[in-house]
Amino acid sequence: MKASRNAFGTRLSALVAVPVLLVIAASAARADDCPDADSAAQAFARGDLQSLRQMSRTATVAPCPPGFRNWIRVALARVATAGIVSSPPSDIHMAAAPPELAALQLDVPPPLVLEALGDGYRAAGHYAAAAMAYQRAMTLLADTSQSWQDFDPGPGFVRMIHQKMEEARLLSPTHVPVDFDPATQRKGGYALGSVRGFNPTVRREPIAFETDSTELTEDGKKTVSQLVERLLNENPDIVTVVGHADERGDDRYNEALSERRAAAIAEKIRNAGFSGNVTAIGRGESQPFPIDGRNVLPLEDQWRLDRRVEICVGMATATCGG
C-alpha cells in the first residue's frame, strides 16, 4: 500500500485557536469597560460558562472592537455546547437544534452557535451530525432578512461554513439528508445556491459506489437524487462531472475507474431531463482532497474524502478539475 499523502498544510484547531485569537483581537481594546482578554482566555480554558456569559454581555454594550465581541461569543458557544456534542442525537435532524441548547438561552448569534455545534460533533467523530449543524447555519445565513446584533456574516464566513459542511458530509459514513427551513419548510443547507454573495461553482458530492463498480449504493442513489434536483432547479448552461479516487490500487486503473464513474453520473443527470451541456472527466488519485491537517485523520477518513465526485457548475472541462 502506498504511503499516505501529507497534509496540504496545518493550522491550529478552532478550539485551540479561540483563546489565542481572543488575545489578538483584544489587543486594540483599551477601554476600561471592555473585558480583559487574558481573563476571557482563562475562562475559556477552564470552561467557565457563567464568566464567559457575563463577559459576552458586557462586550455587547462596552466599547470593545467587534472582533473581540465575536470571539467572546465564539468561546461562550463552544463551552456551552461542549457537553452536548459528546453523542449524536437519535434523530439526525435534531443535531442542529438539541433541546439542551435551548435551555441555555445563549445570547449569541445562531450561526456562531451552530458552527460551535458542528465543530464539536466533528471533533467527536460524529460527522453526519456535524454536517446537519453546518447545514442549518447555511439555511439561516441564506435568509438575508436575518441580522444578529453587530455580527455581519460576509462571504468569507459563509465560505468557511460551506467548506466545513462539505467536509463533514464527505466524512460521514452514512447519507446526510438535506436540511430544511423549519419556518418555511423549504430546503436549505447544501441544496442552496448563492448565500450572501457566496456562490460555490465547485461542489463536492459524497456519491458512494459499489466496490470496483459504477453501480451506486443506496446512499449513493439518495445523493444523486438530491444533486439532480438541485441542478434541475438551477438549470446552468454547463455542468462538468469530475471523478476522483483514493490512493489504493494502480494509478492508471484508478483514473479509468474515476472516469467511468463520472460518466455514469453525467448520464444520470442527462436522463433526468437536464437540458444543459454535461461532460465527464476522471482524475483518479492525482488530486487528494485539499483539507488542512488531513494527516491526523485515520486513513479510512482520508480515503473517504478522496473518493468524491465534484460538480463544476458553469465551468467547462478545460477549467474544471485542475
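As the structure is a computational prediction, the values presented were derived from the model and not from experiment. (Residues numbered from 1 in each chain as written. Predicted model: local features only at pLDDT ≥ 70, side-chain atom pairs only at ≥ 80, totals over all residues. Heavy atoms only, no water.)

Draft legend 1. Local environment of the state of the cysteines. A complete count under the given rule lists one disulfide for this structure. Bridging Cys34 to Cys64, the disulfide has an S-S length of 2.1 Å. As the torsion about the S-S bond is roughly 130°, the Cys34-Cys64 disulfide counts as right-handed. Of the two residues, Cys34 sits in the loop between α1 (14–25) and α2 (37–45) while Cys64 sits in the loop between α3 (49–61) and α4 (66–81), which places them 30 residues apart along the sequence. Take Cys34: its relative accessible area is 10%, and that puts it in the buried class. On the basis of relative accessibility, which here comes to 4%, the residue Cys64 falls in the buried class. (Disulfide = S-S within 2.5 Å. Helix = DSSP H or I, 4+ residues; strand = E, 2+ residues; numbered from the N terminus. Buried < 20%, exposed > 50% of the residue type's maximum accessible area, 1.4 Å probe, protein only.)

Draft legend 2. View of the nonpolar core. Grouped together as the largest cluster of nonpolar side chains are 55 residues, with contacts concentrated most on Leu117, Tyr121, Met138 and Leu141. Mapped onto this core, the elements with two or more residues apiece are α2, α3, α4, α6 (110–123), α7 (127–141) and α8 (155–171). With residues up to four places along the chain from it excluded, the contact list for Met138 reads Val158, Ile161, His162, Met165, Gly189, Leu192 and Val195. Within the second largest apolar cluster, 18 residues are counted, among which are Leu216, Leu231, Val309 and Ile311. (Core = buried A, V, L, I, M, F, W, Y, C linked by side-chain atoms within 4.5 Å. Contact = heavy atoms within 4.5 Å.)

Draft legend 3. Layout of the side chain of Gln135. Position of Gln135 among the secondary structure elements: in helix α7. What makes Gln135 buried here is its relative accessible area of 0%. The contacts of Gln135, once residues within four sequence positions are left out, are Met165, Val176, Pro177, Val178, Asp179, Gly188, Gly189 and Tyr190.

Draft legend 4. The sheet that holds strand β3 (residues 277–282), seen in detail. The four strands are arranged β1-β4-β2-β3 in an open sheet whose pairing can be described as mixed. With partners counted over all chains shown, the strands left at the sheet margins are β1 (202–205) and β3, one partner each. Neighbouring strand axes in the sheet, compared pairwise and without regard to direction, differ in orientation by 20° on average. As paired elements, β1 and strand β4 (residues 309–313) share four bridges and run antiparallel to each other. Bridging across to β4, Val202 finds its partner in Cys312. Contacts between helix α10 (residues 251–271) and the sheet are confined to β2 (238–243) and β3, with β3 contributing the most and set at about 165° to the helix. (Pairing = 2+ DSSP bridges. Axes fitted to C-alpha atoms, helices over the stretch in contact; angles between N-to-C directions.)

Draft legend 5. Here's a closer look at the packing of α4 against α6. Relative orientation of the contacting elements α4 and α6 amounts to 45°, with a least axis distance of 9 Å. The orientation of α4 with respect to α6, classified from their angle, is oblique. Remark: the crossing between α4 and α6 carries right-handed chirality. Here α4 contributes Asn70, Arg73, Val74, Ala77, Arg78 and Thr81 to the contact with α6, which in turn contributes Leu112, Val113, Glu115, Ala116, Leu117 and Asp119. Within the contact of α4 with α6, the residues separate by chemical class into six nonpolar, two polar and four charged. (Parallel < 35°, antiparallel > 145°, perpendicular 65-115°, else oblique. Left-handed = near helix turned anticlockwise from the far one by under 90°. Nonpolar A, V, L, I, M, F, W, Y, C, P; charged D, E, K, R; others polar.)

Draft legend 6. Focus on the pairing of β4. Counting buried positions over the five residues of β4 gives five, a clear majority of the element. Neither face of β4 is exposed, since Val309, Ile311 and Val313 on one face and Glu310 and Cys312 on the opposite face are all buried. Relative to β4, β2 is paired through five bridges, and the arrangement is antiparallel. Paired with Val241 across the two strands is Ile311, which belongs to β4.

Draft legend 7. α7, seen in detail. Here α7 contains 15 residues, and its C-alpha end-to-end distance of 21 Å stays within 8% of the 21 Å for a straight helix at 1.5 Å per residue. The buried fraction of α7 amounts to 14 of the 15 residues, a majority that puts the element mostly inside the structure. (Expected span 1.5 Å × (residues − 1).)

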